[in-house]
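Coordinate inspection notes
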Amino acid sequence: MDTVDLDTIEQIVERIGRDACHALPLLQAVQAHYGYLPTEAIESLCELTDCEPSQLWSIATFYDQFRLKPAGRHLIRVCIGTACHVKGAGQIFEAFKRHLHISEGEDTDAQRLFTVEKVACLGCCMLAPAVQIDDVIYGYLTHETIPQVLQDFLEQQKQAATVSGIRKPEKVLQGQARICLDSSCRAVGSDKVYDALEKAAAQMHLPVKIKNTSCHGMSFLAPLVEVVMADGKIFRYGNTAPTDAASILRRHFQSASAGARIKSGIDQFMHTLLDDRIGEGPIRYSLSVRDHSIDAYLNKQVHIATEHAAEIDPLDIAEYQKKGGFETLRQCLMDRTPESILEELENSGLRGRGGGGYPTHLKWFAVHKVQAPQKYIICNGDEGDPGAFMDRMLMESYPYRILEGMAIAAWTVGATEGYLYIRAEYPLALARIRQAIKNCRRLGLLGEHILGMDFSLDLHVYTGAGAFVCGEETSLIKSIEGKRPAPRLRPPYPTQHGLNGAPTLVNNVETFVSVPWVLRMGADNFAGHGTAGSKGTKVFALAGKICRGGLVEVPMGMTIRQIVEEIGGGIENDKQLKAVQIGGPSGGCVPASMADTKIDYESLHTAGAIMGSGGMVVLDETDCMVDIARYFLEFTQQQSCGRCTFCRVGTKRMLEILERLCEGQGCAGDIEKLQQIGTQIQNNSICGLGKTAPNPVLSTIEHFREEYQAHIDGTCPAGRCRSLIHYSITDECIGCTICAQHCPADAIAMKPYEKHIIDQQTCIRCGTCKTVCPAGAVEVK
Amino acid sequence: MITLTIDNQTVEVSEGSTILQAARKLGIEIPTLCFSEGFKPSVSCMVCVVRVAGVKHLVPACGTRVADNMAVITHSEEIQAARQTAIELLLSEHIGDCVGPCMRGCPANMNIPVMIRQIVSGQFEDAIATVKKDIPFPAILGRVCPAPCEKVCRRNQADSAVSICLLKRFVADIDLRSEKSYRPVCQPSIGKKVAIIGAGPCGLSAAYYLQQAGIDCTVYDDHEKPGGALRYSEIDRAILPLEVLENEINQIFRLKVKFQGNIRLGRDVSIDELEKQNDAIFIALGTFNENNKDFPEIVAKDNKIQVDRPLYSTSREGVFAGGVCIGSRNICIRAVADGKEAADSIRSCILGQKVQEKKEYNHQMGRLKPEEMELFLKQASDSERIYPQSVIEGLTATEAQAEAKRCLHCDCRKADGCKLRDLATDQEARRNVWPGQRKLFSQITAHEQVVFEPGKCIKCGLCIQAAKIAGEALGLSFEGRGFNMQIVVPLEKTLVEGLRNASTECVRVCPTGAFSFKC
């Protein structure tokens, strides 16, 4: 690898700064340059900056993002988020390693081309299982598509240099073709469809604007092309491919020039014929507005946080303003007092959307009332829960609304400087927020004397580095301060003693997004939705074994059943609903028998779950609850900062018991032991991570105790825990050899026209044979 | 000022104080482990948890600031359970033995590893003090002891045990030959008397330790001279010369222990008489005979005296018994151990003190894994076990020191200064309640003064603070997070580079044996 040269480090320091508080960005810059953190580089940083060796070392080894050893040229990050987990992410990870011939204990292939890592969650849950290779996300992986994915990635790398032709804008537009380019839509190829639309429109000289919009939330249809005609008619095409682009445009638009019109007319005619004869691929179909699934998906939702979903270009500030954007900020600055804003918030009943549900006006008031020379405002966009991607979509789709909400909050509480702390796993959100801040500064909506008034606000973007615990506010603040982000004991709360010791308002993305709406539409309007204790709406990331997964915004008080059945279209593959995991690693599982539980803070708490930040993973009968509990505990255990005994050691011991259960080595008393230590961890940890870490285990014991007992007795009723099951081929076998061809472990010998046999020693229990068998001859016991 | 109540007592403390400070002001004891006066509370061990009225969870007293009208409870079943679990969890990731297997194997619990380290560094006078703290007759035992300590010595796993018994004899022989032989400090007489029946190793051992406590002892025996089985049974005098026996027994009588020979209990003196003249009686008869007619009520069917084991007390008040007559194993070292332990019980009884009944916690890491053994062997001499040229003469100084260097030092160097062990004892922590992954034992010994054993670390970070306060350029740092978090010298540097001047302070502030002095 490259040797560390002092010049490079000096340039980095020059660019970022010498203060000890810049520790994290300094290390990120070094890693960006070298691909890892060479020890000599950290040493140089110590010499050139105010950072101390112990500080840099403790940070460099804390965050997942940092590597102390060189990596391969490209980084494959296999998402092991909840939705990906239940769809076999573990096997995908192993399959990548198998395919690249990476041996046990290694993470990089022999050519040093690819390094394979697990990542907590990419926030693309509806594309599960998903992976990110450098900056490209691929969804719906199977071990068989891995070679294609790698090939596609490498080809894309080659083409990266070629710039596609830019089309001149048409004078009179007949309409728009809208497509969302959020990272999850991109992962299923929406960017390619976008390019294809651009190219087709240019080639055919069609008077249509191809527009990148905020996310529609209908991930199950992505890439979704919406054609909006000048008369307002909307046509939607779901699950499109680049090859569909031309035919979609031809259906609705006529080219401007006569010659071109004829040509495209013939093309169109030919195409229709072809269409009719061959039909479209099984996963691509066009939908009309009246399509039942879209209706059901959209009509039950209430768009407050996601107002103007799929309508506006995320970064088009003029469009945002045209729809009333920044008007609320203007009104607040000119006509309202902080007190009246606080009162309005109180009346609205808005509660923090980050998970805790603390009344927003109380938090704001706590900062507002303190006299201090400096106050800060922080937007917590460190959405680390596996199975949650609301904040990512909000940041990618509504950057201006977040900034407006923050500006209003800052003005109300008296803060003049602020940060948006965003996960490094969300590069598009980072880019769009950065751009949005730039645009706002240019228009005097941020910076000095906002809107010409005596109010200044400087906002910075801070990139996280892969640590779930940084979602905890004291940890997040320490991260920004350049310290090792182990949470500290509260009180004092950040509202009194926050960033750099100053009063600090920390709110979640969704909370800030809701603020302009509440103030513009009025508290009553907001409080008109929801239940007595929980007002307004909540955005959920609906994923797992559901027909229509995606981002949904529902009024509080809707039942879990309504969300799953009416919005989500029920369980996929005709399976039965078993439970819904709500609240991620801090939450719990609500069993199907309690599906009529209402979505509000109190009801969910009673059911043993929590609102959390909004991850909702639907589980069916093939999901093992012990495995789910083990999965979440593995996550929190890995994410524990290690500070307090109960969290550091207690969660490890719990995990070991769960692992034993999943391996069929449980023993009598294990369930009680889990409950005992679980309760003590809840009671004796200093931060929210530890206090809630046992929840998934305790809630599954409460609702599915018999399943735990079954594991102690040596069976996994869901047929999920690999050590407790085996696959076999029944007499139904037709000898087609498909299973043998697909088996990744070569555990089935190919015997045409004979009954196949699975070698139990070689079998890795991945279930591929069962999936591919056309005769249903593979059984699992 | 802030007013609050702790265990229903009102206290006033300045704003910004912690619950722990307020409790200490009231004299209320809250156990702590990761807290050290003068350091920023690390708030990590959670041993100091208390309940604050109105707060859902327990809170750590060391880091929680007081507030007006706060009501704190420091002791309850729930709190006790939490403290115990916190310690048991810490112990579940603790790697190391409090005391070496040799010491656990020795019936008298002699601190063998310390003696060995003293031999290595040539401090023979200190070594005899270490030995005599637990064994009054090392020269004798060095010749006749079957050495249970050597059977459990970890070095057996690699080649053969350290020659512990001969090392002890080596130390004792030097002492016996010296003009200024070791003489323990005896408390001035407190005016209490104990009659000891039987002048064998058990009775003499009891006398040796009681006399040191200022209690006047008279030993009775039906033989003419003291020594019991050591003198009157058939022992090869080539192995245990009479001279050695008498010299070492004389060491005991130098402490003003009285001896009355040719006196048989039940024949020449009755137990009732002795009771009148003494504050306690200790029966240390080896073999048992018709004497028991004198006190039938304390003798069981199997002809053994029945005692309450840890206290050696019989059903007759003020009468204690030990040695073979209570069924103890018939080896000299066991008799010596009985005498010593009974002396402790008798002393407490006479002084009206409660005997420490809590058994000291001993952590054990069990059989070493091969890579751990390798690590230990690196710190020890690789020579084979040294046998003396002549069995009669024992080891020479050169041989003894060479043999002592074979010790693996698998005990904890800070067994006596370890807050974790003290708390484990106090809170009656159990071993192996939370079995699970055990990391490998590791040890950094390159530093001149200190040894660092990461497996004993509780991750409180006090050493990091200490190094920082001392102005270390490199110092120490946390590495990683969660269960795998550890304390290291940053930038992959050595401990020598990390701790240029803070090593002593690190040992002082470390609540466990993670940082300890080399010897």
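Residues numbered from 1 in each chain as written. Chains lettered and ligands numbered in written order. Predicted model: local features only at pLDDT ≥ 70, side-chain atom pairs only at ≥ 80, totals over all residues.

**Observations regarding unusual backbone geometry**
The line we're drawing: To qualify as a helix, a DSSP run of H or I must reach at least 4 residues; to qualify as a strand, a run of E must reach at least 2; elements of each kind are numbered from the N terminus.
A cis amide bond links Arg490(A) with the next residue in sequence, Pro491(A), at an omega value of -5°. Among the secondary structure elements, Pro491(A) is positioned in the loop between α20 (473-480) and β13 (504-508). Backbone geometry at Glu492(B) places phi at a positive 60°, although glycine is not the residue there. Its location among the elements puts Glu492(B) in the loop between β13 (486-488) and α18 (495-498).

**Looking at the sheet that holds strand β5 (residues 71-73) of chain B**
Residues and elements named next belong to chain B. Our working rule: Pairing between strands is defined by DSSP: at least two bridges between them are needed.
Strands sit in the order β2-β1-β5-β3-β4 across an open sheet of five strands; the sheet is mixed. Each of the sheet's edge strands pairs with one partner strand only, and the pair in question is β2 (9-13) and β4 (59-60). Summarising the sheet, strand β1 (residues 2-6) and β5 pair through two bridges and their orientation is parallel. Residue Thr-5 lies in a different strand from β5, and its bridge partner there is Ala-71.

**Description of the packing of helix α25 (residues 625-639) of chain A against helix α29 (residues 695-712) of chain A**
Residue and element names in this part refer to chain A. Rules: Axes here refer to lines fitted to C-alpha atoms; in helices the fit is confined to the stretch in contact. Angles between the N-to-C directions go from 0 to 180 degrees. Between 65 and 115 degrees an angle is taken as roughly perpendicular, under 35 as roughly parallel, over 145 as roughly antiparallel, and anywhere else as oblique. Should the near helix be turned anticlockwise from the far one by less than a right angle, the crossing is termed left-handed; should it be turned clockwise, right-handed. Residue pairs qualify as contacts under a 7 Å threshold applied to their C-beta atoms, which are placed from the backbone. Note on residue categories: nonpolar means Ala, Val, Leu, Ile, Met, Phe, Trp, Tyr, Cys or Pro, charged means Asp, Glu, Lys or Arg, and polar means any other residue, Gly included.
Interaxial distance between α25 and α29 falls to 8 Å at its minimum, and their mutual angle equals 135°. In terms of orientation, α25 lies oblique with respect to α29. Crossing of α25 against α29: the hand is left-handed. Contacts between α25 and α29 involve Met-625, Val-626, Ile-628, Ala-629, Phe-632 and Leu-633 on the former and, on the latter, Pro-696, Val-697, Thr-700, Phe-704, Glu-707, Tyr-708 and His-711. Of the residues belonging to the contact of α25 with α29, the class tally is ten nonpolar, two polar and one charged.

**Focus: the interface of chain B and chain A**
Of the residues lining the interface, 36 residues belong to chain B; the matching set on chain A comes to 31 residues. Every element with two or more residues in the side of chain B that touches chain A is listed here: α2 (77-92) and β12 (477-479) of chain B. Broken down by element, the side of chain B that touches chain A gets its largest block of residues, six residues, from α2(B). Looking at the side of chain B that touches chain A residue by residue, the classes come out as 19 nonpolar, twelve polar and five charged.

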